[in-house]
Amino acid sequence: MNDFIFITGSSGEIGVSICKNLLKNGFTVVGLDIKKNNIRSKNYVHLNVDLKKFVNNEIYYNKIKNSINKILENNKLKALINCAAIQKLSKFENLKLQDLKTTFDINFFSIVKIFKLVIRYMKKNHGIFINISSIHSQSTKKNFFSYSSSKAALTSFTKSMSLEFGRYISSIAIEPGAIKTKMLSAGFKNKKDLKNLKKIIPTNKIATPSDISDLVITLIEKDIRYLNGSVIDISGGIKNYLN
């Protein structure tokens, strides 16, 4: 049996970085995403998954469920890592409820449903459940309601699972601050503000996806069970500012 690691959002910038880092360290990786990334490795499997459809369409859900079960029936699930996320910015008065629902479907409900699918495999192997949440779960900005509330739900979910399954599964949330991605750029209408962001962060650095993937690798390889229930702040210290 091989040790497999599942990653949602495997074609995003953070997801790709985590996949590559895991492969470099000898793990077999299954990426779940609607888009295929450019990773070519005999130890990488792409599973095409539309997470919105996965949440809302029972027939499609069962199709993906069968694919996941087929992969895991003869392999060990070492970890489930969730990077999948969308970010829809809007003034609350202009917010469409459908956009809010879509955000929660992808950022929260899809993760709940996938975790429910693989719990029995993870319990057998004392697996690790890692959710990439966000600094926005606690400290946010105007127009980020959909994104911040979905990430707050994800962090809360991680804490709850640490209580229910702590004997068998380590549940950990990672809350990054600014990471140099397209999603970060989309959150700044004024590109000058984005340039000034680096000066505000105490480390004088905007993190890269590799900073997140290095942390994920450490959590998986060290497998420190007492980290179960932890919410890890990786924001360069900016979270500690009063304003």
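Presented here is a report on the structure given in the accompanying data block.

Thresholds applied
- Residues numbered from 1 in each chain as written.
- Predicted model: local features only at pLDDT ≥ 70, side-chain atom pairs only at ≥ 80, totals over all residues.
- Heavy atoms only, no water.
- Helix = DSSP H or I, 4+ residues; strand = E, 2+ residues; numbered from the N terminus.
- Rg over C-alpha atoms; globule rule 2.2 N^0.38 Å.
- Contact = heavy atoms within 4.5 Å.
- Areas by Shrake-Rupley, 256 points an atom, 1.4 Å probe, with all protein chains shown as cover.
- Buried < 20%, exposed > 50% of the residue type's maximum accessible area, 1.4 Å probe, protein only.
- Pairing = 2+ DSSP bridges.
- Axes fitted to C-alpha atoms, helices over the stretch in contact; angles between N-to-C directions.
- Salt bridge = Lys/Arg side-chain N within 4 Å of Asp/Glu carboxyl O.
- Parallel < 35°, antiparallel > 145°, perpendicular 65-115°, else oblique.
- Left-handed = near helix turned anticlockwise from the far one by under 90°.
- Nonpolar A, V, L, I, M, F, W, Y, C, P; charged D, E, K, R; others polar.
- Right-handed = clockwise from strand over helix to strand, strands pointing away.

1. Notes on the overall build of the protein
Move 1: The helix and strand tally for the protein stands at eight helices and seven strands.
Move 2: Since a compact globule built from 243 residues should have a radius of gyration of about 18 Å, the 17 Å found for the protein is in line with a globular shape.
Move 3: With the principal axes as the frame, the protein shows a C-alpha extent of 50 × 40 × 40 Å.
Move 4: For the protein, long-range pairs separated by at least 24 residues make up 71% of all intrachain contacts whose partners lie at least 6 apart in sequence.
Move 5: Accessible surface computed for the protein: about 12700 Å², of which carbon and sulfur atoms make up 52%.

2. Considerations on unusual backbone geometry
Move 1: Here His-126, not a glycine, exhibits a phi torsion of approximately 50°, which is positive.
Move 2: Assignment of secondary structure puts His-126 in the loop between helix 4 (97–125) and strand 5 (128–132).
Move 3: On the basis of relative accessible area, His-126 is assigned to the partly exposed category, the value being 39%.
Move 4: Despite not being glycine, Asp-223 has its phi angle at roughly 50°, a positive value.
Move 5: Its place among the elements puts Asp-223 in the loop between helix 8 (209–222) and strand 7 (231–234).

3. Quick look at the sheet that holds strand 5
Move 1: Spatially, 3-2-1-4-5-6-7 is the arrangement adopted by the seven strands of the open sheet, whose pairing is parallel. Only two strands of the sheet have a single partner each, and these edge strands are strand 3 (44–48) and strand 7. With strand direction ignored, the average angle separating the axes of adjacent strands in the sheet is 20°.
Move 2: Here helix 8 sits on the sheet and contacts strand 1 (3–8), strand 4 (76–82), strand 5, strand 6 (170–176) and strand 7; the angle it forms with strand 5, its principal contact strand, is near 165°.

4. Some words on the pattern of salt bridges
Move 1: Applying the stated rule across the entire model yields five salt bridges.
Move 2: Close ionic contact of Lys-239 with Glu-175 constitutes a salt bridge, the shortest N to O distance being 3.5 Å. Remark: Glu-175 occurs in strand 6 and Lys-239 occurs in the segment after strand 7; sequence separation between them is 64 residues.
Move 3: Classification of Lys-239 by relative accessible area gives partly exposed; the value is 22%.

5. Let's talk about the environment of Lys-65
Move 1: Tracing the backbone through its elements, the reader meets Lys-65 in helix 3 (residues 58–72).
Move 2: The spatial distance from the C-alpha of Lys-65 to the C-alpha of Ile-114 is 8.5 Å, given a sequence separation of 49 residues.

6. Considering the packing of helix 4 against helix 5 (residues 145–165)
Move 1: Interaxial distance between helix 4 and helix 5 falls to 8 Å at its minimum, and their mutual angle equals 20°. Looking at the two axes, helix 4 sits roughly parallel to helix 5. Of the two elements, helix 4 crosses helix 5, and the hand of that crossing is right-handed. Within the contact between the two elements, helix 4 uses Leu-100, Thr-103, Phe-104, Asn-107, Phe-108, Ile-111, Val-112, Phe-115, Ile-119 and Lys-123 and helix 5 uses Phe-145, Ser-146, Tyr-147, Ser-149, Ser-150, Ala-153, Leu-154, Phe-157, Met-161 and Phe-165.
Move 2: Taken together, the residues of the contact of helix 4 with helix 5 sort by class into 14 nonpolar, five polar and one charged.

7. Things to note about the pairing of strand 1
Both faces of the sheet carry side chains from a regular strand, because those side chains alternate between them.
Move 1: With five of its six residues buried, strand 1 lies for the most part within the structure.
Move 2: In the sheet, strand 1 pairs with strand 4 via six bridges, with the strands oriented parallel. Bridged to Thr-8 within strand 4 is Asn-82.
Move 3: Sheet analysis places strand 1 next to strand 2 (residues 28–33), joined by five bridges and oriented parallel. Bridging from a neighbouring strand, Phe-4 pairs with Thr-28 of strand 2.
Move 4: The parallel pair strand 1 and strand 2, bridged by helix 1 (residues 13–24), forms a crossover whose chirality is right-handed.

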